[in-house]
Amino acid sequence: MINPELETEKVHISMLGNTIFKIVVKEDARLDVDDLDLNYFFFTKHKTEPRALFLIIFNKGASTEKGATEKFFEKGRMKIKKKEALVLATLPHRIMGNLYMRLSKKSHPTKIFSNEEDALKWLKE
């Protein structure tokens, strides 16, 4: 069976096994609410459990538009996340990630990593 994938000009989403959504935000991509909605519908269509694991990798220069993440939270869409690992290598991404973590603590465990290997290990614990 072929694992589902979604590729847009801003993200590449794939499944690792049957349990982890891997989201790679492309270099210099700027995600808006519509992008987050499109990704969400992909997740809900392809998740195999009520709540899934997420590995999100931000490449250099990638970001979200101001208010996009908060708007996504308002819609209650974080309930599909069981656990989330963010791979953030740059200081601006880490600052953004810390803000995001404060918002996501209420709905699911979230942790920041500097590499994919450690992030995957934590997700599988």
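Residues numbered from 1 in each chain as written. Predicted model: local features only at pLDDT ≥ 70, side-chain atom pairs only at ≥ 80, totals over all residues. Heavy atoms only, no water.

A. Geometry of the sheet that holds strand β3 (residues 20–25). Here we have 6 strands laid out as an open sheet, ordered β1-β2-β3-β5-β7-β8, and mixed in their pairing. The two strands at the open ends of the sheet, each matched to only one other strand, are β1 (5–7) and β8 (110–113). Put simply, the sheet's adjacent strands are angled 15° from each other on average, direction ignored. The pairing of strand β5 (residues 52–58) with strand β7 (residues 81–87) spans 6 bridges and is classified as parallel. Along β7, the bridge assignment pairs Ala52 with Lys81. Strands in contact with helix α1 (residues 33–46) are β1, β2 (11–16), β3 and β5; relative to β2, the strand with the most contacts, it is inclined by about 15°. (Pairing = 2+ DSSP bridges. Helix = DSSP H or I, 4+ residues; strand = E, 2+ residues; numbered from the N terminus. Axes fitted to C-alpha atoms, helices over the stretch in contact; angles between N-to-C directions. Contact = heavy atoms within 4.5 Å.)

B. Molecular detail of the environment of Thr44. Secondary-structure assignment places Thr44 in helix α1. Within the structure, Thr44 has its side chain in polar contact with the backbone oxygen of Phe41 (distance 3.1 Å). (Polar contact = N/O pair within 3.5 Å; in protein donor to acceptor, adjacent residues only side chain to side chain.)

C. Highlighting the pattern of salt bridges. Applying the stated rule across the entire model yields 5 salt bridges. Between Lys26 and Glu7 there is a salt bridge; the shortest N-O distance is 2.8 Å. In this pair, Lys26 sits in the loop between β3 and β4 (30–31) while Glu7 sits in strand β1, placing the two residues 19 residues apart along the sequence. The shortest N-O distance in the salt bridge between Asp32 and Lys10 comes to 3.9 Å. Pair noted here: Asp32 is in the loop between β4 and α1 and Lys10 is in the loop between β1 and β2, with a separation of 22 residues, a long-range link. (Salt bridge = Lys/Arg side-chain N within 4 Å of Asp/Glu carboxyl O.)

D. Region of the structure containing the environment of Glu27. Along the chain, Glu27 turns up in the loop between β3 and β4. Under the relative-accessibility criterion, Glu27 is labelled exposed at 54%. Sequence separation of Glu27 and Met96 is 69 residues, and the distance between their C-alpha atoms is 16 Å. Leave out the neighbours within four places in its chain, and Glu27 touches Asn59 and Lys60. (Buried < 20%, exposed > 50% of the residue type's maximum accessible area, 1.4 Å probe, protein only.)

E. Representation of the side chain of Lys81 in the model. Residue placement: Lys81 occurs in strand β7. Taking the relative accessible area as the measure of exposure, Lys81 reaches 7% and is therefore buried. Among the polar contacts made by the side chain of Lys81, one reaches the side chain of Glu84 at a distance of 2.7 Å. If sequence neighbours within four positions are ignored, Lys81 has contacts with Arg51, Ala52, Phe54, Ile56, Tyr100, Ser107 and His108.

F. Helix α4 (residues 116–124), seen in detail. Of the positions making up α4, those classed as buried are Ala119, Leu120, Trp122 and Leu123. When α4 is viewed along its axis, its buried side chains cluster within an angular range of 160° and face the same direction. Seen from the buried face of α4, the exposed residues on the opposite side, beyond 90 degrees, are Glu117, Lys121 and Lys124. One side-chain oxygen at the N-terminal end of α4 lies 3.2 Å from the backbone nitrogen of Glu117; it belongs to Asn115. (Arc of directions from axis to C-beta.)

Without other data, these values stay purely geometric and don't point to any function.
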